[in-house]
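Coordinate analysis (summary)
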Amino acid sequence: MNDNDTGWLLRVRNLTKIYGDPISNSVQYTGPKFGSNICPETDAIVACAEINFDLYPGEVLGVVGESGSGKSTLVQLLYFDQAATSGEVRFSALDGGQTNILTLSNQRKRHMRNHLMGMVYQNPRDGLNFNFSAGGNIAEKLLMAGNFHVGRIRERASYLLEKTEVPVKRMDNTPATFSGGMQQRVQISKAIANNPPLLFLDEVTSGLDVSVQAKVLDLIRHLQRELGISMIVVSHDLAVIRMLTDRTMVLKNGRIVEAGLTDQILQDPQDAYTQLLVSSLL
Amino acid sequence: MITAKKFQHTYNYGFIDETTKKEIRRKLLKAVAIPGYQVPYSSPEMPIARGWGTGGLHASLSLIGPDDVFKIIDQGSDASVNACNLRDFVKRMTGCKTTFDTGEATLIQTRHRKPEEILTERQIIVFQVPQPEPLRSVERYEFKTRQMHAEADYAKMWVSLYESYVKFGAIMQGAGYPVRVNGRYIMTPSPIPRWDVPNLSMAPCLHVFSAGREKRLHCVPPWTKVEPLEFEDVKFCVEEFRDIVCAASGGDRAFMDEIYESETARKFVMNDSNFLDKVRAGTRPPQRLFTNPAPEPSAT
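Residues numbered from 1 in each chain as written. Chains lettered and ligands numbered in written order. Predicted model: local features only at pLDDT ≥ 70, side-chain atom pairs only at ≥ 80, totals over all residues.

Time to look at the overall build of chain A. Within chain A one finds 10 helices and 9 strands. A compact globule built from 282 residues would reach a C-alpha radius of gyration of about 19 Å, and chain A, at 19 Å, matches this within 12%. If you line up chain A on its principal axes, its C-alpha atoms span 55 × 45 × 35 Å. Looking at the 282 residues of chain A, the share that counts as buried comes to 45%. (Helix = DSSP H or I, 4+ residues; strand = E, 2+ residues; numbered from the N terminus. Rg over C-alpha atoms; globule rule 2.2 N^0.38 Å. Buried ≥ 20, exposed ≤ 12 C-beta atoms within 10 Å, placed from the backbone.)

For the rest of this paragraph, the subject is the domain arrangement of chain B. Residue and element names in this part refer to chain B. According to the domain assignment, chain B consists of domain 1 (18-228) and domain 2 (240-283). Relative to domain 2, the C-alpha centre of domain 1 lies at a distance of 25 Å. If you look at the interface, domain 1 gives 14 residues, while domain 2 gives 7 residues. (Domains from an automatic or database assignment. Contact = placed C-beta atoms within 7 Å.)

In this section: the pairing of strand β2 (residues 45-55) of chain A. Residue and element names in this part refer to chain A. Most of β2 is tucked away: 8 of the 11 residues are buried. The pairing of strand β1 (residues 10-19) with β2 spans 7 bridges and is classified as antiparallel. Each bridged residue has a counterpart across the sheet, and for K17 the counterpart in β2 is C48. (Pairing = 2+ DSSP bridges.)

We now examine helix α2 (residues 54-63) of chain B. All names here are of chain B. Buried residues dominate α2, accounting for 10 of its 10 residues. For α2, the complete set of buried residues consists of T54, G55, G56, L57, H58, A59, S60, L61, S62 and L63. Where α2 is buried, its residues touch α1 (18-33), α3 (81-94), β4 (107-111), β5 (124-128), β8 (206-211) and β9 (216-220).

Right, let's talk about the sheet that holds strand β10 (residues 226-228) of chain B for a bit. Residue and element names in this part refer to chain B. With antiparallel pairing, the 3 strands of this open sheet are ordered in space as β7-β6-β10. Of all strands in the sheet, those bounded by a partner on one side alone are β7 (185-187) and β10. Adjacent strand axes in the sheet meet at a mean angle of 35°, parallel and antiparallel pairs treated alike. Sheet topology places strand β6 (residues 179-181) next to β7; 3 bridges connect them, and they run antiparallel. For V179, the partnering residue across the bridge sits in β7 and is M187. (Axes fitted to C-alpha atoms, helices over the stretch in contact; angles between N-to-C directions.)

For the rest of this paragraph, the subject is the packing of helix α4 (residues 134-144) of chain A against helix α5 (residues 150-163) of chain A. Residue and element names in this part refer to chain A. Where α4 meets α5, the axes come as close as 9 Å, and the angle between the chain directions of the two elements is 115°. Relative to α5, α4 is oriented roughly perpendicular. α4 and α5 meet at a crossing whose hand is right-handed. Touching A134, G135, I138, A139 and L142 of α4 are I153, R154, R156, A157, L160 and L161, all from α5. For the contact of α4 with α5, the residue count by class is 8 nonpolar, 1 polar and 2 charged. (Parallel < 35°, antiparallel > 145°, perpendicular 65-115°, else oblique. Left-handed = near helix turned anticlockwise from the far one by under 90°. Nonpolar A, V, L, I, M, F, W, Y, C, P; charged D, E, K, R; others polar.)

Below is the structure:
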């Protein structure tokens, strides 16, 4: 991870998110060294800090860590669901990565979300509007990318639902009437509706039964191969990470404690926490 | 002798005090400057309940002067109870001349219709608006709808139109069809029928929309583009009164009221009462008529 490297899609430097009342020492006195992400002076929560990484086109990056380690916050910051406290994120698809995308106006951030990114949340209720039909949810993404032709929207939505193995006949039902696995697959259809170069997957398979889990993972891997999408996959499940990702970062108390090739991290973990994580799950 | 001063009270010209009028006029100027943007305003107490035309009265009484000729209609009719009472009130508070003649009026207050007759540069039309927020049906929180307007985030509005088309095969919004004003803000034209919506665009008169209960006003200035929201393949359409003739005047090509005479028989009468009178007298005024686009065969 060198600053002079080129060819990256997403470059993240010093990304920090602090909830509450940060002081200059908040970052210094928290982290794995202290075993906590709560600032001892102000009780501010350092959800993630000093996050540095590059993501390359077509690459799948895994983010693992215990609950509360800042995994979800990290992708939510990148998807603009939350505002970062400080840091820099550059995206090569936007004016060659000249701009720190965290400083863009809300309108331009939404434009990026609609054209260049997709997100699949752990809870389908976060990613889908249950008052709209499944087709309507996919249409939302297409409409916002400037597609105002109902016939073409429906064509694209059917194609996506077919791809994700949701019965096209149920396109005009609301996701509330779907099973959890189907909801998750509708979310994936919505996320990839505009062929975004970057996709965030936040615990996509948690809460699904094992056979559906396998199907969803299969689908994601298939789509990734076919469309060459770069992905950031957040999971606490090492099996998911092993199956999907090329590279992995291990998060603890909001910091990256170890990063490297997925196989290497799972076979030969260096950091004490990663060793614990790998040994307890194997 | 004790005099009952209570009954000697006189009101300020136009009922509302001058400072408040000034405030409302300033808000109107802002609304004209930002077409389609909802401007919050004071909405002072009136002698009628909010939601019964107070917004319209606020705008009318702040704009009216001694030389104005005032006309007020309710669903096209000069003679409905709401219109009559508000006309009496405005007359008593200003001493202005009132009229039924759309062409003669300089200030027209209306509920749920725009007159058929083409309005001119010297006319202002004030709409009584029950709900000024077009996004209310898709987003219930005010702070969120304001943010959506600020960022031109109209995704939910579009999806609701898509959903309506998918469910019913057509966009079902009958009154208050959402429009985009001057290429920016999405606005509700108050519950006027679709028939009137194309007449807002590039019109010579000033349109003022005022919601007293919601304390918001917005404007469509003269010669401003107003586009109803539509898809590339599902176009906006007005009501079609095909082969229907007005039972009272024999005329057609106007917004019609459907009147049931018995369980089986019905007839249609022109909704705009002044327009109907003129058609009957043989002096049909010029109208702007909208032709529906031919349906696209490929639409599914």
